Amino acid sequence: MAHMAFTVGFDLDMTLIDSRPGIRACYQALSERTGTYIDADLAVTRLGPPLAEELVHWFPAEEVAAVADLYRAMYPTIAIAATPALAGAREAIGAVRQSGGRVIVVTAKYEPNAKLHLAHLGLEPDAVIGDLWAEQKAEALREHDAAVYVGDHVGDVRGARTAGALSVAVATGPCSPEELRAAGADVVLTDLSEFPGWLSDYRPARA
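Being a predicted model, the structure only gives us computed values, none of them experimental.

### As for the overall build of the chain
Right, so step 1: A tally of regular secondary structure across the chain gives 10 helices and six strands.
Right, so step 2: Taken against the 2.2 N^0.38 rule, which gives 17 Å for 207 residues, the C-alpha radius of gyration of the chain at 17 Å falls within 12% of a compact globule.
Right, so step 3: Referenced to the eigenvectors of the C-alpha coordinate spread, the extents of the chain come out at roughly 60 × 35 × 30 Å.
Right, so step 4: Counting only contacts in the chain whose residues sit at least 6 apart along the sequence, the fraction spanning at least 24 positions is 60%.
Right, so step 5: Counting every atom, the chain has about 9,100 Å² of accessible surface; 51% of that belongs to carbon and sulfur.
Right, so step 6: Charge separation in the chain, taken as the distance between the mean sites of 17 positive and 28 negative side-chain charges, equals 4 Å.

What follows is the structure, encoded as structure tokens:
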């Protein structure tokens with residue numbers, strides 16, 4: 001029997017891309033621009049949640065929305081070129097395509113900047129949906145009928161489970177394998193280089 005078409009969703013930051021260098025540089029520039037101290041090294045250890053959840057540590061709540069707009073405007077010229085793909089990212093996307101599947105990216109990142117990252121690296125998913133975090137990601141995963149969601153954060157695990165998708169976690173972000181398992185991840189991989197092998201075993205099981 002031929003495999004049915006299926007969709008795999010991927011998170012972006014610390015799943016497909018190592019966004020730490022670019023985000024660190026952008027926070028440093030934002031600190032200079034606003035005159036407000038930001039510990040950029042600390043900020044990049046807790047990537048995953050929406051930008052506003054980080055900015056509230058450094059700015060008064062009433063300033064966060066305006067500062068977030070400034071950060072997003074500065075981001076393309078500072079962060080895109082500084083950000084590499086993570087190990088196995090290209091191969092993971094390729095493996096889904098070779099299996100006849102579709103690839104979507106569902107991220108908390110501002111969608112236009114997410115698309116810039118992917119274009120710069122030559123990664124071409126079938127759809128990119130931004131500005132969704134944790135359980136909110138289930139909206140896009142359900143809309144695209146994603147069977148699997150791959151992410152690095154416990155928030156990604158929660159999104160997958162809310163959507164009824166299989167949660168595949170990679171330990172390339174701020175969450176340890178133990179934290180990812182405790183959150184309910186169905187599969188925990190060291191990084192995306194292990195994904196094609198996992199997928200080749202998973203696909204026959206779904207036939």
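### Considerations on the packing of aromatic side chains
Right, so step 1: Under the definition given, this model contains six aromatic pairs.
Right, so step 2: Each ring, one from Phe-10 and one from Phe-195, has its centre 5.6 Å from the other, and the planes form 65°; the classification is edge-to-face. Residue Phe-10 is found in strand 1 (residues 7-10), and its partner Phe-195 is found in helix 10 (residues 195-206); the two are separated by 185 residues along the sequence.
Right, so step 3: Since its relative accessible area comes to 0%, Phe-10 is described here as buried.
Right, so step 4: Its relative accessible area of 0% is what places Phe-195 among the buried residues.
Right, so step 5: Ring centres 5.6 Å apart and planes at 50° place the aromatic pair Tyr-71 and Tyr-75 in the tilted group. One end of the pair, Tyr-71, and the other, Tyr-75, are both in helix 4 (residues 64-79), four residues apart, so they sit about a helical turn from each other.

### Side note on the environment of Ile-17
Right, so step 1: Tracing the chain through its elements places Ile-17 in the loop between strand 1 and helix 1 (20-34).
Right, so step 2: Spatially, the C-alpha atom of Ile-17 lies 10.0 Å from that of Gly-88, the residues being 71 residues apart in sequence.

### Here we look at the side chain of Ser-19
Right, so step 1: Within the secondary structure layout, Ser-19 lies in the loop between strand 1 and helix 1.
Right, so step 2: In this structure the side chain of Ser-19 is engaged in a polar contact, spanning 3.4 Å, whose partner is the side chain of Asp-13.
Right, so step 3: Beyond its immediate stretch of four places on either side in the chain, Ser-19 contacts Asp-13, Met-14, Leu-47 and Thr-83.

### What about the pattern of salt bridges?
Right, so step 1: Applying the stated rule across the entire model yields 10 salt bridges.
Right, so step 2: The residue Arg-20 makes a salt bridge to Asp-18 at a minimum N-O spacing of 2.9 Å.
Right, so step 3: For Lys-137, the salt bridge identified is with Asp-156, shortest N-O distance 2.7 Å. In this pair, Lys-137 is assigned in helix 7 (residues 137-143) and Asp-156 in helix 8 (residues 154-163), connecting sequence segments 19 residues apart.
Right, so step 4: A cluster of three or more residues bridged by salt bridges with shared partners is formed by Asp-11, Lys-137 and Asp-156.

Parameters and conventions
- Residues numbered from 1 in each chain as written.
- Predicted model: local features only at pLDDT ≥ 70, side-chain atom pairs only at ≥ 80, totals over all residues.
- Heavy atoms only, no water.
- Helix = DSSP H or I, 4+ residues; strand = E, 2+ residues; numbered from the N terminus.
- Rg over C-alpha atoms; globule rule 2.2 N^0.38 Å.
- Contact = heavy atoms within 4.5 Å.
- Areas by Shrake-Rupley, 256 points an atom, 1.4 Å probe, with all protein chains shown as cover.
- Lys, Arg positive; Asp, Glu negative; His and termini not counted.
- Charge placed at Lys NZ, Arg CZ, Asp CG, Glu CD.
- Phe/Tyr/Trp six-rings, centres within 6.5 Å; stacked < 30°, edge-to-face > 60°.
- Buried < 20%, exposed > 50% of the residue type's maximum accessible area, 1.4 Å probe, protein only.
- Polar contact = N/O pair within 3.5 Å; in protein donor to acceptor, adjacent residues only side chain to side chain.
- Salt bridge = Lys/Arg side-chain N within 4 Å of Asp/Glu carboxyl O.

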